[in-house]
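Structural description and commentary
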Amino acid sequence: KQWYQRRVAITAGDLVFPANNHVRQVKSYVESTYNIPASQQRWEGWPPGTSDSLELRDLVLETPFHRLKVFRRQEAGRASVGSDDEFMDEDVLESPECSSTSAQRPLMTVGKSAEENVMQFLQVFEERYGNVHPAFHIGTLKSALTAAFNVPADLKRPLIVFLHSDKALTGHLFCSQVICSESMAGYIDQHFVMWAYDLTERRLQQQILTECQSIFGYSGRQQVEMYVPDKLPLMIVITKVQSAPQVFAVFQGDISPDLLMAQLIDAVENYNQTRSIEKAAELEQEQRSRLRELQEQEYLDSLQRDREKDEMKKKEKSTDCDSALIPLL
């Protein structure tokens, strides 16, 4: 199946949903992002016959985007469930650009250290999406590289750099439906080290670009810069061939879960081939090192034996001289 997108405008906002998303996933997005339970959502603009189980691709939607409105409905008194008088005080849902992101706790804060921000990212991410997600490395990007590559060959893993932005249209869906799925989180934990960073604020964007340049060089910075900030979120797969870390692949947030999994599997297979070559070279180097150490030790042992023999000869010679002396009367 091809991976199409449908743009859905919710009042003043403009959101992009993959075409194979179900209607219930759009409602779930509104529920988790704006804290409006699906039971309190009143929608205008869905085509007749729309049900939660239908995919967006199966609906007759306007192009280039389809406009929807959603209202918050609140309970009034003890009206029976399902009655027309059940709700009152309808509040129109505003777009993320209007007011909702301002009420959200930010994933990172300008002015904090990298370690503090990564810890804050983890805490806020779990508040939003729950505990099922890949394990995020706590520390700087450099320490994540160390955890991925400065270990024995058997333990080396590619590094995923996950760059998020609350302003990205696909950011929430990518987090909630792709990387937080049990299968995706489990595969990433088994085969990768993952480091996450938020680029909602411009100063944070500049910080990560500067760090990328210091680690990967100017070409590495350019590879990341071409996606920031308009093409977030990103998953950047970093591998290390010989001594230099390099960008192996970049995946954008509009990639389908199946395609992302296939690409990650391909990245692991490619890296394992490289790692097997490195492992063989590392083993050969260890063998040469052990042989050299053995030869050096044998040489030192030989010198020690020669010194001991020389000492013995000196003692024997001294004894012979003493016994040859004739005492005077």
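What you see is a predicted model; the values in this text were computed from it and never measured. Residue indices follow the written sequence of each chain, beginning from 1 at its first position. Whole-chain, interface and lining totals are the exception, using all residues; otherwise, since this is a predicted model, local features are given only for residues with pLDDT of at least 70 and side-chain atom pairs are given and counted only at 80 or more. In computing side-chain properties, one takes all heavy atoms of the structure into account and sets aside hydrogens as well as water.

1. Focus on the overall build of the protein chain
Test applied: Per the convention used, a helix needs a DSSP run of H or I reaching at least four residues, while a strand needs a run of E reaching at least two, with both numbered from the N terminus. For the exposure calls, accessible area comes from a 1.4 Å probe over protein chains only, and a residue counts as buried if that area is under 20% of its type's maximum, exposed if over 50%, partly exposed in between. Residue contacts are counted whenever heavy atoms from the two residues lie within 4.5 Å of one another. Per-residue accessibility takes into account occlusion by the displayed protein chains alone, with areas from the Shrake-Rupley method and a 1.4 Å probe.
The secondary structure content of the protein chain amounts to 8 helices and 9 strands. Counting all 329 residues of the protein chain, 38% fall into the buried class. Across the protein chain, every contact between residues at least 6 apart in sequence was considered, and the portion connecting residues at least 24 apart equals 63%. Entry remark: accessible area of the protein chain is about 19,100 Å², with carbon and sulfur atoms responsible for 49%.

2. A few points about the sheet that holds strand β6 (residues 159-164)
Applicable threshold: For two strands to pair, DSSP has to find at least two bridges joining them. Note on definitions: angles span 0 to 180 degrees between N-to-C directions of axes, and those axes are lines fitted to C-alpha atoms, for helices only across the stretch in contact.
Judged by pairing direction, the sheet is mixed, and its 4 strands sit side by side in the order β7-β6-β8-β9 without closing on themselves. Each having just a single partner strand, β7 (193-198) and β9 (244-252) make up the two edges of the open sheet. For this sheet, the mean angle separating the axes of adjacent strands, direction not counted, is 25°. In this sheet, β7 lies alongside β6 in parallel orientation, the contact comprising 6 bridges. Looking at β7, one finds that Val161 is bridged to Trp195. The strands that helix α5 (residues 171-179) touches are β6, β7, β8 (234-241) and β9; relative to β6, the one it contacts most, it runs at about 140°.

3. Examining the confidence of the model for the protein chain
We count it as follows: What pLDDT reports is the predictor's confidence in each residue, on a scale of 0 through 100.
Mean pLDDT over the protein chain: 79, with 79% of residues reaching 70 or higher. Ignoring residues within four places in sequence, the model shows residues 9-13, a span with pLDDT below 50, making 23 contacts including any to other chains. Contacts from residues 77-103, a stretch scored under 50 in pLDDT, to residues over four places away or in other chains number 52 contacts.

4. Observations concerning the nonpolar core
Heads up, the rule is: Nonpolar cores were defined as sets of buried Ala, Val, Leu, Ile, Met, Phe, Trp, Tyr and Cys residues, with membership established by side-chain atoms within 4.5 Å.
Phe125, Leu159, Phe162, Leu163, Met235 and Leu264 are the most contacted members of the largest nonpolar core, which has 60 residues in total. The element best represented in this core is helix α7 (residues 202-225), accounting for 7 residues. Those residues within four positions of Leu264 in sequence are excluded, and the remaining contacts are Ile160, Met184, Tyr187, Ile188, Phe192, Met235, Val237 and Phe251. Formed by 15 residues, the second largest nonpolar core is a distinct cluster that contains Val23, Val30, Trp46 and Leu56.

5. Digging into the pattern of salt bridges
Rules: By salt bridge we mean one thing: a side-chain nitrogen of Lys or Arg within 4 Å of a carboxyl oxygen of Asp or Glu.
Under the definition given, this model contains 6 salt bridges. In this structure, Asp52 engages Lys27 in a salt bridge whose closest nitrogen and oxygen atoms are separated by 2.8 Å. Of this pair, Asp52 sits in the loop between β3 (41-44) and β4 (65-75) while Lys27 sits in helix α1 (residues 23-34), and the two are 25 residues apart along the sequence. Here Arg105 makes a salt bridge to Glu127, at a shortest N to O gap of 2.6 Å. Of this pair, Arg105 sits in the loop between α2 (96-103) and α3 (114-129) while Glu127 sits in helix α3, and the two are 22 residues apart along the sequence.

6. Details of the packing of α1 against α5
In a pair of packed helices, the angle between the axes and the distance between the axes together describe the arrangement. Applicable threshold: Roughly parallel covers angles under 35 degrees, roughly antiparallel covers those over 145, roughly perpendicular covers 65 to 115, and oblique covers all other angles. Each residue is assigned to one of three groups, with Ala, Val, Leu, Ile, Met, Phe, Trp, Tyr, Cys and Pro labelled nonpolar, Asp, Glu, Lys and Arg labelled charged, and all others, Gly among them, labelled polar.
It is at 11 Å that the axes of α1 and α5 come closest, and there the two elements cross at 105°. As far as their axial angle goes, α5 and α1 are roughly perpendicular. Together, Gln25, Tyr29, Ser32 and Thr33 of α1 and His172, Leu173 and Gln177 of α5 make up the contact between the two elements. Residue classes in the contact of α1 with α5 are distributed as 2 nonpolar, 5 polar and no charged.

7. A look at the side chain of His133
Quick note on the threshold: Polar contact criterion, stated in full: a pair of N or O atoms within 3.5 Å, where within protein one must be able to donate a hydrogen and the other to accept it, and residues adjacent in sequence count only if both atoms are side-chain atoms.
Looking at the element boundaries, His133 is found in the loop between α3 and α4 (141-149). A residue is classified by how much of its surface remains accessible, and His133, at 10% relative accessible area, is buried. A polar atom in the side chain of His133 sits 2.8 Å from the side chain of Glu126. Discounting residues that sit within four places of it in the chain, His133 has contacts with Leu122, Phe125, Glu126, Ile179, Cys180, Ala185 and Asp189.

8. Looking at the packing of aromatic side chains
Rule in force here: Any pair of Phe, Tyr and Trp rings, taking the six-membered ring for Trp, is counted once the centres come within 6.5 Å. Such a pair is stacked with planes under 30 degrees apart, edge-to-face with planes over 60 apart, and tilted for the rest. Over a ring means this: the NZ of a Lys or the CZ of an Arg is within 6 Å of the ring centre and within 35 degrees of the ring normal.
If you walk through the whole model with that rule in mind, you get 10 aromatic pairs. Ring geometry for Phe121 against Phe162: centres 6.5 Å apart, planes inclined by 85°, an arrangement best described as edge-to-face. Residue Phe121 is located in helix α3, and its partner Phe162 is located in strand β6; the two are separated by 41 residues in the primary sequence. Given a relative accessible area of 1%, Phe121 falls into the buried group. For Phe162, a relative accessible area of 0% corresponds to the buried category. Among the aromatic residues, ring-to-ring pairing joins Phe121, Phe125, Tyr129, Phe136, Phe162 and Phe174 into one connected group. It is Arg42 that lies over the ring of Phe71; its NZ or CZ is 4.6 Å from the centre.

9. What to know about the environment of Gln223
Counting through the fold element by element, Gln223 comes out in helix α7. Sequence spacing of Gln223 and Cys212 is 11 residues, and the spatial spacing of their C-alpha atoms is 9.5 Å.

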